[in-house]
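Chain residues, written in single-letter form:
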Amino acid sequence: MDEKINSVPEATEEVSSNNVTVADVFVDNQDDEVECVAAAKAVECATPAVEAAQCEEPAVECEESVCEAATEAEPAVVPGASVEEIKQLLELIAPHLAAVRNQIVHYKEKDVNITKANKIMQDYREGFEEKMFKSVAMELISLRESCRKTVREFGMRQLSLDEYKKYLGFLVYDYEDLLVNLNIVIDGDKVIYNKRDISEAPVSKITLAEIEEQTYPELPEITDYTFEGIANYLASVESYYDSLLKDNAVRDRAIGTYIDHAALYEQGVYQVMLYPVISRIARFYDKLSADVKECVENLTEDNAGELYCGCMTRTANALEGMLNECGVLIDEYVSDSYELRKHRLLKTVPTDDPALNGRIVKRYCDLYTMGNEVIYQMKVDVYKATT
Amino acid sequence: MAKKIGIDLGTTYSCVSYVDEMGIVRILDNREGEQTTPSVVFFEEDGRAVVGSTARDAGAMNPERIVERVKNYMGDADYRFYANGKEYSAAAVSSLILKKLIEDAELALGDEIEGAVITCPAYFGDGAKYATRAAGENVVLSNGQNLQVLRILDEPTSAAIAYCNSKHEDMDKTVLIYDLGGGTFDCTVMKITINGDEKVRQAITTGGNHQLGGKDWDAALAEIVRSKFCDATGADENEMMADPECIAWFSENIEKAKKNLTSRESTTLTLNWGGYKERIEVTREEFEEATAPLLDQTILLVNDMFEKKGMNVISDIDEIILVGGSTYMPQVTNRLNAEYNKPLTSYEPNKAVAMGAAIVASEWTEQQEAPLPIGFGGAGDEQQETPVVTDAILSKSYGLRIVSGGEYKVLNLVYKDSPKPCAGNSADAGQPLVITNSADLVDEVPILVLENTSFERIISLDECDPVFVEEPIKFDGAVPGNNAVSVEIAVDIDGIVTLSLTDLVTGRTYQMRPKRKLDDVVSIGMADAQSTSLM
């Protein structure tokens, strides 16, 4: 508090250079809007990095400067209340706001620590993603693109019923290969990953990404200086801080969940983050087997193509969901023109039209990205102008 | 404080490393976050260049602007690459790769680089090493200075140094370094003596085949898969291999299958082409049978190297060190065990070369000055005295053309496997020369210097390659033409050859100014490379 008071003269000096002072605001201006703007400007001058009404800190600064201004300067006249009553009201408000501020500061410090922990976890996750999620993702991508290629090239050759059945069977075998490559073993109801039973591993219900996407409401502003207006303002401020604290609690919980997981499994702490998607991959095997079995049993000359392609498509879609859970984004378009990094050129198609140079002729697969990294390029044929 | 780093300048991939304050050797990531940088350069139309992973992507539409595997041409005076109306020597292109490696290293370290040890294959002769050093010296650092090339280090020696550095117990061993990489095979014999803190590394001999590597194993496995698929489906193999999507599938899946066979007895791939699908199973046994001839080649090269040296693996070697990613294959260890029955140690197969270079760089002291930078017109003006470092040996022999028995032959003055630096002269070899029969002063000598891999004193001219352009070689001074003179061939620590002439009458020695065929070539494109911005 003393530090804040001591900082005021500096702020005043800076503000003075702009010919505006805190005292000036409350002494000279009758206009509420100008007062708010000027107060915000005073805050800006004092703490140039902070924008008023954008986050907690300036909220504190705003409140504080209002408090200090209130204690130092004569309050404005408010219709329906005497100057003395307003003074008393503000004196009542001040400790309440101070308590809220202390609470916020406390949580802010906790937030800083949580943010640091978040960052560490994120760094682990990103480093981990590169090494662990990526290897999982590459297996899923390989099978997904195989399914999509099957559908894309359907009709290239007339298949017999036996071949449909055989190729559907291959899909199950391919999925079994995927499980082997990922060191996943399904043992009845158990899922064994890297020789560990992960069947009972809790699944996170909230991700860091979801937490970070949460936006915070605007800090309420006092506009009505009547008793009722001030009471409403206090209520909305309380509600505002309440929601902030709840969001922090949510974040706490997510971090706590990850920390609990890490505490439970000592080998490769970061592997814990894989368990949800590994579990999902393992559980899909039974669904896939059942789907293929049903298709095979119902195959006829008339519906074989439809059932075959349908099964492939459903599998590709399921794999897409698993890839999303790995943090992979899939783009089936990218652009009409060849793009470095995102496209892998398979062949150029000559053209006499210079306008077509660099345009995509054919796309063979999707683009897969993880964060900023392209992990699987879209294979394309591209026009190349001969002139 | 400015750092000294090690650079493994590879044919297909390059790698940078350094020794940190704790004495731990670390590999530096490039700005793309990769530990290895593809040795690929793409020249943009606007004059900028792209080096590394994105170069292949950037150059896909214009493959004529991409340069790959330029290392294979480092000693080739006829090699040129053309882009944007300019021409580049192999050294100039390599200079761009080194520029990228240095810039990324400075970014990763947050510090300036002042010097680097650059590795090269053991089979590199004088010309290729000269070009490599020139490429390094052409790089301008962030402080405006040119990179100081501390040493040009043979790759197998570098790997052995890294291995030696990892050992802390006393030892006195002779080891065989078996380095099977992606594109090359090298073998080196080295004696390692550790006594407390004192570590002595002495290279004894080296050999290999720079056209043999893991890529040949990949090709063999791909052939097995293709063959089985075509047999099962009736598909046309030529049509398959003309399909770019099929080629891409093979490049993505074959190496993965090869790695699977390292840990499993078999692997299965599902190949989907032309409307056909087949699951192709390849057993480790099939794969090893198909690639046995490749492995045989490496064994033959090792045995040949020992035979030429009058040594024997079984009696003279204590341990075999495995380097290079391809040594992970069980067939390599099984075969070496069966052939030699010696302890096998796998040491950082993919990083050992870069690590060794970093260690040598970190050991570099101010007393050990590198040879003066090579100008593009000839060798350095002075020979700095450097201590003999026995971990470096000559990979070639060097000699003079003489007339023997009425025909041209070569008299070797310095021999392969001699520790560097070293020198030999014609007088000591029993061949003092007389330049002319006249007493008139002369300032040039009509001699030819050649390199070869023989241990013989006199060999056929056909087995040798010239080091310098055949023309009278000038020297700094003049001697009566009929004075007996001796020509000395000196090879510095990097394996680069210099010449001097001694008047045996007066005892005075003169530096010679030989001209390499590369001298006019290595500078081509160097200024452009230096000023080229990297994307």
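Residues numbered from 1 in each chain as written. Chains lettered and ligands numbered in written order. Predicted model: local features only at pLDDT ≥ 70, side-chain atom pairs only at ≥ 80, totals over all residues. Heavy atoms only, no water.

**Some remarks on empty space enclosed by the protein**
- All chains considered together, the criterion is met by 11 cavities of 30 Å³ or more.
- In this structure, the largest cavity spans a volume of roughly 110 Å³.
- Looking at the largest cavity, the residues that line it are T150, E153, F154, G155, M156, R157, L159, Y167 and Y308 of chain A together with N272, G275 and K277 of chain B. (1 Å grid on protein atoms, 1.4 Å probe; cavity = no way out; pocket = protein on both sides within 12 Å on 5 of 7 lines; lining within 4 Å. Points joined across faces, edges and corners; volume = space filled by probe spheres on them.)

**Quick look at the state of the cysteines**
Residue and element names in this part refer to chain A.
- What the rule picks out here adds up to zero disulfides over all chains.
- The closest cysteine sulfur to the non-disulfide-bonded C147 is located on C311, 7.9 Å from its own sulfur.
- Looking at the unpaired C326, the closest cysteine sulfur is the one in C147, lying at 16 Å. (Disulfide = S-S within 2.5 Å.)

**A closer look at the packing of aromatic side chains**
- Considering all chains together, one arrives at 15 aromatic pairs over all chains under this definition.
- Summarising the aromatic geometry, the rings of Y193 of chain A and Y275 of chain A are spaced 6.2 Å apart at their centres and angled 85° between planes, so their arrangement reads as edge-to-face. On the criterion of sequence distance, the pair formed by Y193 of chain A in strand β2 (residues 190-193) and Y275 of chain A in helix α9 (residues 275-298) is long-range, its members being 82 residues apart.
- By way of ring pairs, the aromatic residues F154, Y164 and Y308 of chain A are connected into one cluster.
- Just above the ring of F250 of chain B sits the side chain of R226 of chain B; from NZ or CZ to the centre is 5.3 Å.
- A cation sits over an aromatic face here: R516 of chain B above Y130 of chain B, 4.1 Å from the ring centre. (Phe/Tyr/Trp six-rings, centres within 6.5 Å; stacked < 30°, edge-to-face > 60°. Helix = DSSP H or I, 4+ residues; strand = E, 2+ residues; numbered from the N terminus. Lys NZ or Arg CZ within 6 Å of the ring centre and 35° of its normal.)

**With respect to the pattern of salt bridges**
- Within the structure shown, the criterion is met by 56 salt bridges over all chains.
- Here R363 of chain A ties to D336 of chain A by a salt bridge, and the two come within 3.8 Å at their closest N and O atoms. Taken as a pair, R363 of chain A in strand β6 (residues 360-363) and D336 of chain A in the loop between β4 (328-331) and β5 (343-351) lie far apart in primary sequence, 27 residues in all.
- Accessibility expressed as a relative area gives 27% for R363 of chain A, which makes it partly exposed.
- Between K173 of chain B and E319 of chain B there is a salt bridge, with the nearest N and O atoms lying 2.4 Å from each other. Taken together, the residues span a long stretch of sequence, with K173 of chain B in strand β12 (residues 171-180) and E319 of chain B in strand β17 (residues 319-323) at a distance of 146 residues.
- Relative accessible area serves as the criterion here: at 24%, K173 of chain B is assigned to the partly exposed category.
- Take E319 of chain B: its relative accessible area is 5%, and that puts it in the buried class.
- Overlapping salt bridges, with partners in common, bring together R144, E145, R148, E320 and D366 of chain A in one network. (Salt bridge = Lys/Arg side-chain N within 4 Å of Asp/Glu carboxyl O. Buried < 20%, exposed > 50% of the residue type's maximum accessible area, 1.4 Å probe, protein only.)

**Quick word on the confidence of the model for chain B**
Residue and element names in this part refer to chain B.
- For chain B, the mean per-residue pLDDT works out to 87, and 95% of the residues sit at or above 70.
- Per-element averaging of pLDDT across chain B places strand β19 (residues 389-393) at the bottom with 65 and strand β16 (residues 276-283) at the top with 96.
- Below a pLDDT of 50 lies the segment residues 369-389, which in the model reaches 45 contacts outside its immediate sequence neighbourhood of four places, other chains included.
- This complex was scored by the predictor with a pTM of 0.70 and an ipTM of 0.74. (pLDDT = per-residue confidence, 0-100. Contact = heavy atoms within 4.5 Å.)

**Brief notes about the sheet that holds strand β7 (residues 367-370) of chain A**
All names here are of chain A.
- In spatial order, the strands read β4-β7-β8; together these three strands make up an open sheet with antiparallel pairing. Two strands lie at the open edges of the sheet, namely β4 and β8 (373-376), each paired on one side alone. With strand direction ignored, the average angle separating the axes of adjacent strands in the sheet is 35°.
- In this structure, β7 lies alongside β8, joined through three bridges in antiparallel fashion. Along β8, the bridge assignment pairs T369 with V374. (Pairing = 2+ DSSP bridges. Axes fitted to C-alpha atoms, helices over the stretch in contact; angles between N-to-C directions.)

**A few points about unusual backbone geometry**
- Omega for the peptide link from K420 of chain B to P421 of chain B comes to -5°, which places this bond in the cis form.
- By the element assignment, P421 of chain B lies in the loop between β22 (419-420) and β23 (422-425).
- A positive phi is found at N183 of chain A, a non-glycine position, where the angle reads about 60°.
- With a phi close to 50°, N341 of chain B is a non-glycine residue in the positive phi region.
- In this fold, N341 of chain B is placed in the loop between α10 (330-340) and β18 (344-346).

**Remarks on the interface of chain B and chain A**
- With 26 residues of chain B at the interface, the matching set in chain A holds 39 residues.
- The largest share of the area that chain B buries against chain A comes from M61, E245 and K277 of chain B, three residues that together contribute 28% of it.
- Our count for the chain B to chain A interface comes out at nine salt bridges.
- Applying the counting rule to chain B against chain A returns 16 residue pairs in polar contact (both at pLDDT 80 or more).
- Residue contributions to the side of chain B that touches chain A peak at eight residues, all from helix α7 (residues 244-263) of chain B. (Buried area = accessible area lost by both parts, 1.4 Å probe. Polar contact = N/O pair within 3.5 Å; in protein donor to acceptor, adjacent residues only side chain to side chain.)

**Structural notes on the domain arrangement of chain B**
- For chain B, the assigned domains read domain 1 (3-146 + 522-531), domain 2 (168-346) and domain 3 (389-515).
- On a C-alpha basis, the centroid separation for the pair domain 1 of chain B and domain 2 of chain B is 27 Å. (Domains from an automatic or database assignment.)

**Structural notes on the pairing of strand β10 (residues 113-120) of chain B**
Residues and elements named next belong to chain B.
- By the criterion of burial, β10 is predominantly enclosed, with seven of the eight residues buried.
- Bridge analysis of strand β1 (residues 3-8) against β10 gives six bridges, and the strand direction is parallel. Within β10, the residue paired with I7 across the bridge is I118.
- Summarising the sheet, β10 and strand β11 (residues 148-154) pair through six bridges and their orientation is parallel. The partner of I118 across the bridge, within β11, is I152.
- Each parallel crossover has a hand, and the one from β10 via helix α3 (residues 126-137) to β11 is right-handed. (Right-handed = clockwise from strand over helix to strand, strands pointing away.)

**Here's the deal with the sheet that holds β2 of chain A**
Residues and elements named next belong to chain A.
- Reading across the sheet, the three strands line up as β1-β2-β3 and stay open at both edges, with antiparallel pairing between neighbours. Lying at the two open borders of the sheet, with one neighbouring strand each, are β1 (184-187) and β3 (196-197).
- Both β2 and β3 contribute to a ladder of two bridges, which runs antiparallel. Residue I192 lies in a different strand from β3, and its bridge partner there is D197.
- Contacts from α9 reach β1, β2 and β3 within the one sheet, and its direction differs from that of β1 by about 55°.

**Regarding helix α10 (residues 304-325) of chain A**
- Counted at 1.5 Å a residue, the expected span for α10 of chain A with its 22 residues is 32 Å, and the 32 Å between its end C-alpha atoms agrees.
- Downstream of α10 of chain A by a residue or two, G327 of chain A has a phi angle that is positive, lying close to 90°. (Expected span 1.5 Å × (residues − 1).)

**Section: the nonpolar core**
- In this structure, L140, Y175, I184, I281 and M322 of chain A are the most contacted members of the largest nonpolar core, which totals 52 residues.
- A per-element tally of this core places α9 of chain A first, with 10 residues.
- Residues lining this core come from more than one domain, with at least three contributed by each of domain 2 (130-201 + 268-326) and domain 3 (343-385) of chain A.
- Judged by nonpolar contacts, the second largest core, of 51 residues, contains I5, V16, L101 and A116 of chain B. (Core = buried A, V, L, I, M, F, W, Y, C linked by side-chain atoms within 4.5 Å.)

**Some thoughts on the side chain of K129 of chain B**
Residues and elements named next belong to chain B.
- Here K129 lies in helix α3.
- On the basis of relative accessibility, which here comes to 2%, the residue K129 falls in the buried class.
- In this structure the side chain of K129 is engaged in a polar contact, spanning 3.2 Å, whose partner is the side chain of D154.
- Setting aside anything within four residues of it in sequence, one finds K129 in contact with C120, F124, I152, D154, S395, K420, D494, G495 and I496.

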